[in-house]
Amino acid sequence: MARSRKDLLGLKGVPAEEIQEILKNAKMLKQLISQPSKKASHLSGKTVITLFYENSTRTRMSFELAGKYLSANVANISASASSVQKGETLIDTGKTLDVMGTDVIVIRHPMSGAPHLLAKNVKASVINAGDGINEHPTQALLDMFTMKEKLGDLKGLEVAILGDIYHSRVARSNIFGLTTMGAHVTVCGPGTLLPGGIEKLGASATLDARAAVRNADVVMALRIQRERQKGGLFPSVREYHQFYGVDEELLSLARPHALVMHPGPVNRGVELTSSVDDGEQSVITEQVTNGVAVRMALLYLLTRRA
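Treat the numbers as computed from the prediction; the structure is a model and nothing was measured.

Calculation notes
Residues numbered from 1 in each chain as written. Predicted model: local features only at pLDDT ≥ 70, side-chain atom pairs only at ≥ 80, totals over all residues. Heavy atoms only, no water. Helix = DSSP H or I, 4+ residues; strand = E, 2+ residues; numbered from the N terminus. Buried < 20%, exposed > 50% of the residue type's maximum accessible area, 1.4 Å probe, protein only. Areas by Shrake-Rupley, 256 points an atom, 1.4 Å probe, with all protein chains shown as cover. Lys, Arg positive; Asp, Glu negative; His and termini not counted. Charge placed at Lys NZ, Arg CZ, Asp CG, Glu CD. Pairing = 2+ DSSP bridges. Axes fitted to C-alpha atoms, helices over the stretch in contact; angles between N-to-C directions. Contact = heavy atoms within 4.5 Å. Expected span 1.5 Å × (residues − 1). Polar contact = N/O pair within 3.5 Å; in protein donor to acceptor, adjacent residues only side chain to side chain. Phe/Tyr/Trp six-rings, centres within 6.5 Å; stacked < 30°, edge-to-face > 60°.

J.: What exactly am I supposed to notice about the overall build of the protein here?
T.: Helix and strand counts for the protein stand at 12 helices and nine strands. Dimensions of the protein along its principal axes, counting C-alpha atoms only, are 55 × 40 × 35 Å. Buried positions account for 54% of the 306 residues belonging to the protein. A total of about 13300 Å² of accessible surface is found on the protein, and carbon and sulfur atoms cover 49% of it. Charge-centre separation for the protein: the mean point of 36 positive side chains lies 6 Å from the mean point of 30 negative side chains.

In structure tokens, the structure reads:
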């Protein structure tokens, strides 16, 4: 990873060499998670703040554990319990944290571009933990780490991503990262949930789930945000599952070794049947473990910049 890099705001434009370095460090640091004493001194004396303007379980907790496993001082701030409720701006919040000696700010925000704005106004390193419908780079990195761990080289992999592509920051970061690493991505969903011009990002697009999954090495389902259903973007959850839900029949079209992935939380019976979610090809729980490892690697690398 470039020593001069202060922040990780997205995977768009991040070179393959930097992605490889993150994944290599994640592989080494993952060993710590299985140890009886989960403690290393890599971030001793460093301070990490998680600043979340949206709810989260997996992302927030994995960042907090990643920092603590590496001996950082970790604190969390939720917008609902902060001065944001009193009208404080994002920039002012960032500057306040900055002068407290914060080394890394991890931010999740409903507005696309918020981490970029914050990064321009603080000395601390900023990690994007999801901004609007823009990017979620650490989720894509843990996804790639899982693929590499299970399937070897990412180059040449066929990856099918099914679901709400339009609103998915996970899909965008995966497209950027996977195509940079030489994989081919096919996205699939109802026409109302496929953004126009997605091919310009380097992916193929189809409305046919069977075509998307056929001969895939990885089948990734995305969470259907039920609030979108109220907007009439698809007729019903039941009909969505009929055409785009991953069951054993659809999965059988993928390659025999294909991985089943999901960023979580899973709506069982909607994106995945329980038999697929809990099946031998599912690596969903391993994605969660790998999320801690990848986030440890990022915290370690960003606090060692020149």
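J.: When you look at the sheet that holds strand β7 (residues 204-206) in this model, what are you seeing that I'm missing?
T.: Strand pairs in the sheet, formed through backbone hydrogen bonds, run parallel or antiparallel to each other. Read across the sheet, five strands follow the order β7-β6-β5-β8-β9 without closing on themselves; strand pairing throughout is parallel. Only two strands of the sheet have a single neighbouring strand rather than two, namely β7 and β9 (259-261). Mean inter-strand twist for the sheet, computed between neighbouring axes without regard to direction, equals 20°. Bridging between strand β6 (residues 184-188) and β7 involves three bridges; their strand directions are parallel. Note that in β7 the partner of V187 across the bridge is A205. The sheet strands contacting helix α5 (residues 137-151) are β5 (158-162), β8 (218-221) and β9, and the helix crosses β9 at an angle near 165°.

J.: What exactly am I supposed to notice about α5 here?
T.: Taking 1.5 Å per residue as the helical rise, α5 with its 15 residues ought to reach 21 Å, and the 21 Å between its terminal C-alpha atoms agrees with that figure. Within the sequence span of α5, burial applies to P137, T138, Q139, A140, L141, L142, D143, M144, F145, T146 and M147. Once α5 ends, the next one or two residues include G152, with phi positive near 90°.

J.: What exactly am I supposed to notice about the pairing of β8 here?
T.: If a strand is regular, its side chains alternate between the two faces of the sheet. By the alternation rule, side chains of β8 split into V218 and M220 and V219 and A221, which are all buried. Here four bridges tie β5 to β8, and the two strands are oriented parallel to one another. Bridged to A160 within β8 is V219. Across three bridges, the pairing between β8 and β9 is parallel.

J.: It is not clear to me how unusual backbone geometry should be interpreted in this structure. Could you clarify?
T.: Peptide bonds are trans in most cases, and residues, glycine excluded, mostly fall at negative phi. In this structure, P265 follows G264 across a cis peptide bond, with omega equal to -5°. Residue placement: P265 occurs in the loop between β9 and α11 (274-277). Phi at S71 is positive, roughly 75°, even though this residue is not glycine. Take S71: its relative accessible area is 18%, and that puts it in the buried class. Of note, the phi angle at N215 is positive, near 65°, even though the residue is not glycine. Mapped onto the elements, N215 comes out in the loop between α7 (209-213) and β8.

J.: It is not clear to me how the side chain of T303 should be interpreted in this structure. Could you clarify?
T.: Of note, T303 is situated in the segment after α12 (284-302). On the basis of relative accessible area, T303 is assigned to the buried category, the value being 15%. From its side chain, T303 meets the backbone oxygen of L299 in a polar contact 2.7 Å long. Ignoring anything within four residues of it in the chain, the contact list for T303 reads L43, K46 and V104.

J.: I keep staring at the environment of V266 and nothing clicks. Help me out?
T.: Along the chain, V266 falls in the loop between β9 and α11. A relative accessible area of 23% places V266 in the partly exposed class. If we ignore the near neighbours within four places in the chain, the residues touching V266 are E271, L272, D277 and I284.

J.: Sorry, what's going on with the packing of aromatic side chains here?
T.: Each aromatic ring pair is characterised by the separation of its centres together with the angle its planes make. Summed over all chains, the structure comprises one aromatic pair. When the ring of Y240 is compared with that of Y244, the centres are 5.7 Å apart and the planes differ by 35°; the resulting orientation is tilted. Pair noted here: Y240 and Y244 are both in helix α9 (residues 237-244), with a separation of four residues, about one helical turn. Pair check on accessibility: Y240 and Y244 agree, each one buried.

Purely spatial values, then, with no claim about function.
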